[in-house]
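# Working through the structure, step by step
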Amino acid sequence: MRERIVLLSIICSLLILLYFFQNHMNTPCAFMTILIFMAVYTAYMQIAFKHKQRKQRKHPIEKNYNYTPYISIMIPAHNEADVICETIENITAIDYPHYEIIVIDDRSTDNTYDVLEKISPKYPNLKYFSRTKEAFPGKSAVLNDALKIAKGEAILVFDADAKIKPEFLKTMLPMLEPADVGAVQAQKVIINAKQNFLTQCQFNEYILDTHFQLGRDAVRGAVELRGNGELVKRQALNSINGWNEETIVDDLDMSTRLHIKGWDVRYCPEVIVYEEAIIYFIPLMRQRRRWLEGTIRRYLEYSGQALTSKDISLRARVDMIAYISEFIMPLWCIMEFLIRGFKVLAKDASPHMLYSSIFISCIIGFGFFTAIRYALRRYDGYGRWRAFKEAVITSIYLLVIWFPLVLFIMFKILFMKKDMKWGKTTHGLIREEEENIKREHEKHEHSVKN
């Protein structure tokens, strides 16, 4: 109910602002105000990032590699029989002495538990258990159950398809050591980018996320956890009473609550966790719907605490406001165009006002295009032409995916009942697709011989 009231208040405030600007000023002034704020803040992040790089080159920060807490590695698994064996094999190759692995079979209907039972003698650090069908659903509940038996001073969470390199923990842990740091997030990279058009777009999308996360880390803003490859101090977890079981985005929800409690969250691009991209459109939309709904709901739920908390840093507070503007923008645009279009049709306003609003929206879109192109050039070494082409394609992809979803989620929050539908990401599709291709190839060869 609180989320609905806060969202309704935001919409009413936007309507009042639009009425004021449309009747007393040129509406583009409002757009320009937001545009300037976003541009200035983006420039500030880049300047801070460049300054941080130069400072580290001149005076490298001494990292405490003697910080070696016991780590509990948690892997929630729901119907992950196809990938869990390979994932455990990869993670147990980690170059770190003090750890345990806890795999939680979360109400699977396949043979995930049988696979765990079969391979467990091979891995002495492996613990596993199965949750009953009556258990509370959701990844947060899974992790809270695992936390009860975990021994670690810090918790490292992986998805069931995660792939890492052996030096993962040794490189990441020094960032967690400072007393004010509650969590660290690894860089996420798509492992099957070349599989099809959608996977390439997701690969580019993740690079853009890396770009923004690095900027937010440089200004010590509200860096966010991403679920896969997140390392959290147990002390920080206890201070926020573990994972929130009433959210559909455990990682983003935890990020906000950690910041509100005054904990710093850092981003570590030096370590990478590889994961599969979704290869089909409908499952991709389900996943992004969950991400976006969880993102918007947690901001609506914690908006009051974020504004009034005495523990949250000013930089994190400002960073959250800058980030929220990305989700307000689509709603603002639709409301502006509808109102202005109606006035133009009723001949109460000049068409030029509508054109100017469209022009400003295009400038905002161009800003995102520039950010994507820059990120592709900087972090993946794309050439000028390829970066331009991929930035155009990815901009269209983001517009098609995110813009309508923002509007749908806001409609859902206002008029529909909240649910805990997860839209689970299916893993192992790379192998499934390869097997399908192999079968088709064998079928073709057989028909040719006949």
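Residues numbered from 1 in each chain as written. Predicted model: local features only at pLDDT ≥ 70, side-chain atom pairs only at ≥ 80, totals over all residues. Heavy atoms only, no water.

## Some thoughts on the nonpolar core
Across soluble globular proteins, nonpolar side chains show a tendency to be buried alongside one another. Here is the rule we go by: Side-chain atoms within 4.5 Å are what join buried Ala, Val, Leu, Ile, Met, Phe, Trp, Tyr and Cys residues into a set we call a nonpolar core. Exposed residues in this analysis have more than 50% of their type's maximum accessible area, buried residues have under 20%, and partly exposed residues fall in between, with area computed by a 1.4 Å probe over protein chains only. The helix and strand labels rest on DSSP assignments: H or I over at least four residues marks a helix, E over at least two residues marks a strand, and numbering proceeds from the N terminus. We call two residues contacting when some pair of their heavy atoms lies within 4.5 Å.
One finds Leu7, Phe203, Leu292, Ile296 and Tyr397 to be the most contacted residues of the largest nonpolar core, which totals 49 residues. Elements with a minimum of two residues in this core: helix H1 (2–24), strand S5 (181–190), helix H7 (197–218), helix H10 (281–308), helix H11 (314–345), helix H12 (351–380) and helix H13 (384–415). Here Leu7 is in contact with Leu300, Met410, Ile413 and Leu414, once residues within four sequence places are set aside.

## Looking at a positive patch on the surface
Defined as follows: Residues with no salt bridge and a relative accessible area higher than 30% make up the patches, which join like charges within 9 Å and nonpolar side chains (Val, Leu, Ile, Met, Phe, Trp, Tyr) within 5 Å. Only the protein chains shown count as cover for residues, and the accessible areas themselves come from Shrake-Rupley with a 1.4 Å probe. A pair is scored as a salt bridge if a Lys or Arg side-chain nitrogen falls within 4 Å of a carboxyl oxygen belonging to Asp or Glu. His is not counted, nor are the chain ends, whereas Lys and Arg count as positive and Asp and Glu as negative. We put the charge of a Lys on NZ, of an Arg on CZ, of an Asp on CG and of a Glu on CD.
Together, Lys50, Arg54, Arg57, Lys58 and Arg378 make up a positively charged patch on the protein surface. Considering each element in turn, the positive patch owes the most residues, four residues, to helix H2 (residues 28–58). When you line up the elements, Arg378 lands in helix H12.

## Remarks on a negative patch on the surface
On the surface, Asp82, Asp110, Asp114 and Glu117 cluster together to form a negatively charged patch. With respect to the helices and strands, the residue Asp114 is situated in helix H4 (residues 112–119). Look at Asp114 and you get partly exposed, because its relative accessible area is 47%.

## Focus on the packing of helix H3 (residues 84–91) against H4
Where we set the bar: Axis geometry follows a simple rule: fit a line to the C-alpha atoms, using only the stretch in contact for helices, then measure angles between N-to-C directions, giving values from 0 to 180 degrees. Here roughly perpendicular refers to angles of 65 to 115 degrees, roughly parallel to angles under 35, roughly antiparallel to angles over 145, and oblique to all remaining angles. Crossing handedness: left-handed means the near helix sits turned counterclockwise from the far one by under a right angle, and right-handed means the same turn made clockwise. Throughout, the ten residues Ala, Val, Leu, Ile, Met, Phe, Trp, Tyr, Cys and Pro are labelled nonpolar, Asp, Glu, Lys and Arg are labelled charged, and all others, Gly among them, are labelled polar.
Where H3 contacts H4, the two axes come as close as 10 Å, and the packing angle between them is 40°. Looking at the two axes, H3 sits oblique to H4. Here the hand of the crossing between H3 and H4 comes out right-handed. Residue-level contacts link Ile84, Cys85 and Ile88 of H3 to Val115, Leu116 and Ile119 of H4. Counted by class, the contact of H3 with H4 contains six nonpolar, no polar and no charged residues.

## Structural notes on the sheet that holds strand S6 (residues 230–233)
Heads up, the condition is: Only when DSSP finds a minimum of two bridges between them are two strands counted as paired.
The sheet built from seven strands is open, its strands ordered S3-S2-S1-S4-S6-S5-S7 with mixed pairing. On the outer flanks of this sheet lie strand S3 (126–131) and strand S7 (264–275), each paired with one strand and no other. Strand after strand, the sheet turns through a mean of 20° between neighbouring axes, direction not considered. Pairing of strand S2 (residues 99–106) with S3 involves six bridges; the strand directions are parallel. Note that in S3 the partner of Asp106 across the bridge is Arg131. Across the sheet, H3 lies against strand S1 (71–77), S2 and S3, angled at about 165° from S1, the strand it touches most. Helix-sheet contacts for helix H5 (residues 139–147) involve S1, S2, S3 and strand S4 (154–157), and the interaxial angle to S1 is about 140°.

## Digging into H11
Put simply, the test is: Take the residue count of a helix, subtract one, and multiply by 1.5 Å to get its expected span. The angle separating two fitted axes, one through the seven residues that finish at a residue and one through the seven that start at it, defines the bend at that residue.
Compared with the 46 Å implied by 1.5 Å per residue over 32 residues, the 45 Å span of H11 between its first and last C-alpha is a close match. Taken as a whole, H11 carries its principal kink of about 35° at Ile328; the proline Pro330 stands between one and four residues after it.

## Describing the confidence of the model for the protein chain
Parts of the prediction with low pLDDT should not have their coordinates interpreted in detail. Basically, it comes down to this: pLDDT is a per-residue confidence score from the predictor, ranging from 0 to 100.
Overall, the predicted model of the protein chain reaches an average pLDDT of 84, with 87% of residues at or above 70. When the criterion is pLDDT under 50, residues 444–450 qualifies, and its contacts beyond four places in sequence or with other chains add up to zero contacts.

## With respect to the pattern of salt bridges
This structure, assessed with the given rule, holds 22 salt bridges. Salt-bridge contacts for Arg266 lead to Asp217; the nearest nitrogen and oxygen are separated by 2.7 Å. Of this pair, Arg266 sits in strand S7 while Asp217 sits in helix H7, placing them 49 residues apart in sequence. For Arg226, the salt bridge is made with Glu224, and the minimal N-O distance between the two is 3.0 Å. Both residues of the pair, Arg226 and Glu224, count as buried.

## Comments concerning the packing of aromatic side chains
Each aromatic ring pair is specified by the distance between its two centres and by the angle formed by the two planes. Note the cut-off: Working definition: rings of Phe, Tyr and Trp (its six-membered ring) pair if their centres are within 6.5 Å, and the pair is stacked with planes under 30 degrees apart, edge-to-face with planes over 60 apart, and tilted otherwise. Think of it as a cone above the ring: NZ of Lys or CZ of Arg counts as a charge over the ring if it is within 6 Å of the ring centre and within 35 degrees of the ring normal.
Counting across every chain of the model gives seven aromatic pairs. Among the aromatic residues, ring-to-ring pairing joins Phe366, Phe369, Trp385 and Phe388 into one connected group. Positioned above the aromatic ring of Tyr323 is the side chain of Arg216, whose terminal nitrogen or guanidinium carbon lies 4.4 Å from the ring centre. Stacked on the ring of Tyr299, the Lys or Arg Arg298 has its end atom at 4.0 Å from the ring centre.

## Concerning the packing of H10 against H11
Interhelical geometry of H10 versus H11 gives an angle of 145° and a closest axis separation of 11 Å. Relative to H11, H10 is oriented so that their crossing is left-handed. Contact residues: Leu292, Thr295, Ile296, Arg298, Tyr299, Ala306, Leu307 and Thr308 in H10; Arg317, Met320, Tyr323, Ile324 and Phe327 in H11. For the contact of H10 with H11, the class distribution of residues is nine nonpolar, two polar and two charged.

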